[in-house]
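# Survey of secondary and tertiary structure
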Amino acid sequence: MENDNFGFETQAIRNQLERTQYLEHSVPLYLTSSFVFEDAEDMRASFAEEKDRNIYSRYSNPNNNEFISKVCAMEGAAAGFAFASGMAAVYSTLAAILNSGDHIVSSSSVFGATHSLFINYFPKWNIQTSYFDINQPETIEGLITPDTKIIFAESPTNPAVDIIDLELLGNIAKKHNLILIIDNCFATPYLQQPVKWGAHLVVHSATKLMDGQGRVLGGITVGDTDLIQKIYLFSRLTGPSLSPFNAWVLSKSLETLAIRLDRHCENALKVAEFLENHPQVNKVKYPFLKSHPQYEIAKKQMKLGGNIVAFEIKGGLEAGRAFLDKIKLCSLSPNLGDTRTIVTHPASTTHSKLSVEERLAVSITDGLVRVSVGLETVTDVIADLEQALS
Ligand SMILES: *Cc1c(COP(=O)(O)O)cnc(C)c1O
């Protein structure tokens, strides 16, 4: 776009491609697997990357380019690549950068599939991961070895909504010359821009709040041009690219990200305040509640508190299951960041295969319930939670 000084919402709405000869107002969908060339020389120069143009949709496509360009503008990043899912983004980003023998230092609470990659797959290629407790950031530097290449973290974390100081991570990465990668899925660039704090790469599951309506899977990585070039070259070979249709959906979704997030966060704070005063609830975690252990850090690095509220129900595992069974309006679903409010009980579902000790290591107690607060009338959501808690 011509003016980089435009505000966040303007970037999300007006950062668009050139119009076709039809002068359409909204960006059309380019469902095409490949693009044509004028002549042999045009084709040669394009493949030699002497020209910045679309060749084949595994490499690039106008809809993907629009989505990438918008997210780069919103994150304050130089370049990006769009993927078929958040996990395709996480995997391809790490696989493109890491070599056999490299070491990762990661926050212990990472998305389940990311954790599984770290412990079940990367060791096959002699890539090891050491975890730090997100509540003990002073232990991070002690984990760094001469082989460490990457610091990886999420904030807020899933499902316990812990917060890590991104500025601190940025400083450690700089001091030790490491690549800092932040999974910014729970915050979105509207609430938090890790590049500002020194992140070299930011990965997203666009499936969550970016789409925000539970329709498509998608992922994206944005950040430093040199690193993105490596990720691009790896991805154009291995083929995890986002479909143009999903890119088109996601680009449209970004136009309403700010206004949706404002309401998501307003509703989530109300739900958190309701839960904090409920006798059946032991403890509530929401970044913008004063009782959150990292409230000050959350205030420093986030615009609003996000849409995820975690709470501890009295009565543990059985009470958690009984609560889910009583829910009427909200959905029981593994997704999050949807217009529809979703409740999950990690100890009996997503994390049931872990031992109690393993769950506690990632802050998942037996009574932990996660609410992804949606955009329904908030009093209806609270009434549903209230009747299920009684
Ligand atoms: C959902 C999620 C992912 C994975 O995204 P998919 O689009 O489901 O592949 C990665 N990181 C976080 C934090 C997530 O919530």
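If you're wondering where the values come from, they're calculated on a predicted model, not measured in any experiment.

Taking a probe equal in size to a water molecule and rolling it over the atoms shows the remaining empty space. Size it by volume and the largest pocket reaches roughly 1,100 Å³. Lining the largest pocket are 39 residues, and of these Asp52, Arg53, Asn54, Ser60 and Asn65 sit closest to its centre. Of all the secondary-structure elements, those providing two or more residues to the lining of the largest pocket are helix H3 (62-75), strand S1 (79-83) and helix H9 (225-238). Split into classes, the residues belonging to the lining of the largest pocket amount to 16 nonpolar, 14 polar and nine charged. Along the walls of the second largest pocket sit 27 residues, with Val110, Phe111, Gly112, Thr350 and His351 positioned nearest its centre. Of all the secondary-structure elements, those providing two or more residues to the lining of the second largest pocket are helix H5 (112-121) and helix H14 (356-361). With six residues, the top contributor of residues to the lining of the second largest pocket is H5.

Bringing the packing of aromatic side chains into the picture now. Taken as a whole and assessed by the stated rule, the structure comprises 12 aromatic pairs. Note on Phe8 and Tyr190: the rings are 5.3 Å apart at their centroids and 45° apart in plane angle, and the pair reads as tilted. With Phe8 in helix H1 (residues 8-14) and Tyr190 in helix H8 (residues 188-191), this residue pair connects regions lying 182 residues apart in the sequence. Exposure remark for Tyr190: the relative accessible area of 8% places this residue in the buried category. Joined through ring pairs, the aromatic side chains of Tyr91, Phe118, Phe122, Trp125, Tyr131 and Phe152 make up one cluster. Directly above the ring of Tyr59 sits Arg236, whose terminal nitrogen or CZ lies 4.0 Å from the centroid.

Below, the discussion takes up the sheet that holds strand S10 (residues 331-332). As summarised here, the arrangement of the five strands in space is S8-S9-S12-S11-S10, forming an open sheet in which the pairing is mixed. Every other strand in the sheet has two partners, leaving strand S8 (281-285) and S10 as the edge strands with one partner each. Pairing analysis gives three bridges linking strand S11 (residues 342-344) to strand S12 (residues 368-372), with the strands arranged antiparallel. Counterpart to Ile342 in the pairing with S12 is Ser372. With respect to the sheet, helix H13 (residues 316-326) is in contact with strand S9 (308-313), S10, S11 and S12, its orientation differing from that of S9 by roughly 125°.

Relative to the assigned elements, Asp262 resides in helix H11 (residues 257-276). When the C-alpha atoms of Asp262 and Gly306 are compared, they prove to be 8.8 Å apart, with 44 residues separating the residues in sequence. Excluding anything up to four places from it in sequence, Asp262 contacts Tyr190 and Leu304.

Let's shift gears to the pattern of salt bridges. With the rule as written, the count across this model stands at 17 salt bridges. With a shortest N-O distance of 3.4 Å, Arg53 and Asp42 are connected by a salt bridge. Here Arg53 is found in the loop between helix H2 (40-47) and H3, whereas its partner Asp42 is found in helix H2, with 11 residues between them in sequence. Taking the relative accessible area as the measure of exposure, Asp42 reaches 6% and is therefore buried. Asp366 is paired through a salt bridge with Arg359; the nearest N and O atoms lie 3.2 Å apart. The buried category is assigned to Arg359, whose relative accessible area is 6%. Each of Glu66, Lys70, Lys252 and Glu255 takes part in salt bridges that share partners, so that together they form one network.

The next thing to look at is the sheet that holds strand S3 (residues 128-132). Reading across the sheet, the seven strands line up as S1-S7-S6-S5-S4-S2-S3 and stay open at both edges, with mixed pairing between neighbours. Each edge of the open sheet is held by one strand with a lone partner, namely S1 and S3. Averaged over all adjacent pairs, the angle separating strand axes in this sheet is 20°, with direction ignored. Summarising the sheet, strand S2 (residues 103-107) and S3 pair through five bridges and their orientation is parallel.

Between Ser155 and Pro156 the backbone carries a cis peptide bond, its omega angle lying at -5°. Within the element layout of this structure, Pro156 appears in the loop between strand S4 (148-154) and helix H7 (166-176). Note that the residue after Asn158, namely Pro159, is joined by a cis bond; omega there is 0°. By the element assignment, Pro159 lies in the loop between S4 and H7. With a phi angle near 55°, Val161 is a residue other than glycine that sits in the positive phi range. Examined against the element boundaries, Val161 turns out to sit in the loop between S4 and H7.

Examined at the domain level, the protein chain breaks down into domain 1 (3-30 + 61-254) and domain 2 (257-389). For domain 1 versus domain 2, the separation of C-alpha centres amounts to 24 Å. Counting residues at the interface gives 36 residues for domain 1 and 37 residues for domain 2. Between domain 1 and domain 2 lies a buried interface of about 3,000 Å² when both sides are counted; carbon and sulfur atoms form 60% of it. In this assembly, domain 1 and domain 2 are joined by three salt bridges.

It is worth spelling out the site of the ligand at this point. Around the ligand, the structure places Ser85, Gly86, Met87, Phe111, Glu154, Asp183, Cys185, Phe186, Ser205, Thr207, Lys208 and Gly218. Between the ligand and the protein, one listed contact pairs an oxygen atom with a backbone N or O atom of Gly86 at 2.8 Å. Thr207 is positioned with one of its side-chain polar atoms (N or O) 2.6 Å from an oxygen atom of the ligand.

Another aspect to go through is the packing of helix H4 (residues 86-97) against H9. With their axes 9 Å apart at the nearest point, H4 and H9 run at an angle of 105° to one another. Classified by the angle their axes make, H4 and H9 are roughly perpendicular. Mapping the contact onto sequence places Ser92, Thr93, Ala95, Ala96 and Ile97 in H4 and Leu227, Lys230, Ile231, Phe234 and Ser235 in H9.

Rules behind the numbers
Positions within a chain are numbered from 1, following the residues in the order the chain's sequence is written. Reporting in this predicted model follows two pLDDT cut-offs: at least 70 for local features of residues, and 80 or more for side-chain atom pairs to be given and counted; totals over whole chains, interfaces and linings ignore these cut-offs and use all residues. In computing side-chain properties, one takes all heavy atoms of the structure into account and sets aside hydrogens as well as water. A cavity here means a set of points on a 1 Å grid, drawn over the protein atoms and nothing else, where a 1.4 Å probe fits but cannot get out; a pocket is an open set with protein on both sides within 12 Å along at least five of seven lines, and a residue lines either one if it has an atom within 4 Å of a point. Grid points are joined across faces, edges and corners, and a volume is the space filled by probe spheres set on the points. A helix here means a DSSP run of H or I that spans at least four residues, while a strand means a run of E at least two residues long, and both kinds are numbered starting from the N terminus. In this classification, Asp, Glu, Lys and Arg are treated as charged, Ala, Val, Leu, Ile, Met, Phe, Trp, Tyr, Cys and Pro as nonpolar, and every other residue, Gly included, as polar. Pairing of aromatic side chains requires ring centres within 6.5 Å, counting the rings of Phe and Tyr and the six-membered ring of Trp. Pairs whose planes differ by under 30 degrees are stacked, by over 60 edge-to-face, and all others tilted. Relative accessible area decides the class of each residue, using a 1.4 Å probe on protein chains only: under 20% of the type maximum gives buried, over 50% gives exposed, and in between gives partly exposed. Throughout this description, the term charge over a ring refers to an Arg CZ or Lys NZ atom that lies within 6 Å of the ring centre and within 35 degrees of the ring normal. A pair of strands is treated as paired once DSSP finds two or more bridges between them. Residue contacts are counted whenever heavy atoms from the two residues lie within 4.5 Å of one another. Angles run from 0 to 180 degrees between N-to-C directions of axes, and those axes are lines fitted to C-alpha atoms, restricted for helices to the stretch in contact. The salt bridge definition used is simple: a Lys or Arg side-chain nitrogen within 4 Å of an Asp or Glu carboxyl oxygen. Note that domain bounds follow an automatic or database assignment of domains. Buried area is a sum: the accessible area each of two parts loses on coming together, probed at 1.4 Å, counted once for each and added. Nearness of a residue to a molecule or strand requires only that one of the residue's heavy atoms be within 4 Å of it. A 3.5 Å cut-off defines polar contacts: any pair of N or O atoms within that distance qualifies, except that in protein one atom must be a possible hydrogen donor and the other a possible acceptor, and neighbouring residues in sequence count only when both atoms are side-chain atoms. Note on terminology: angles under 35 degrees are roughly parallel, angles over 145 are roughly antiparallel, angles of 65 to 115 are roughly perpendicular, and the others are oblique.

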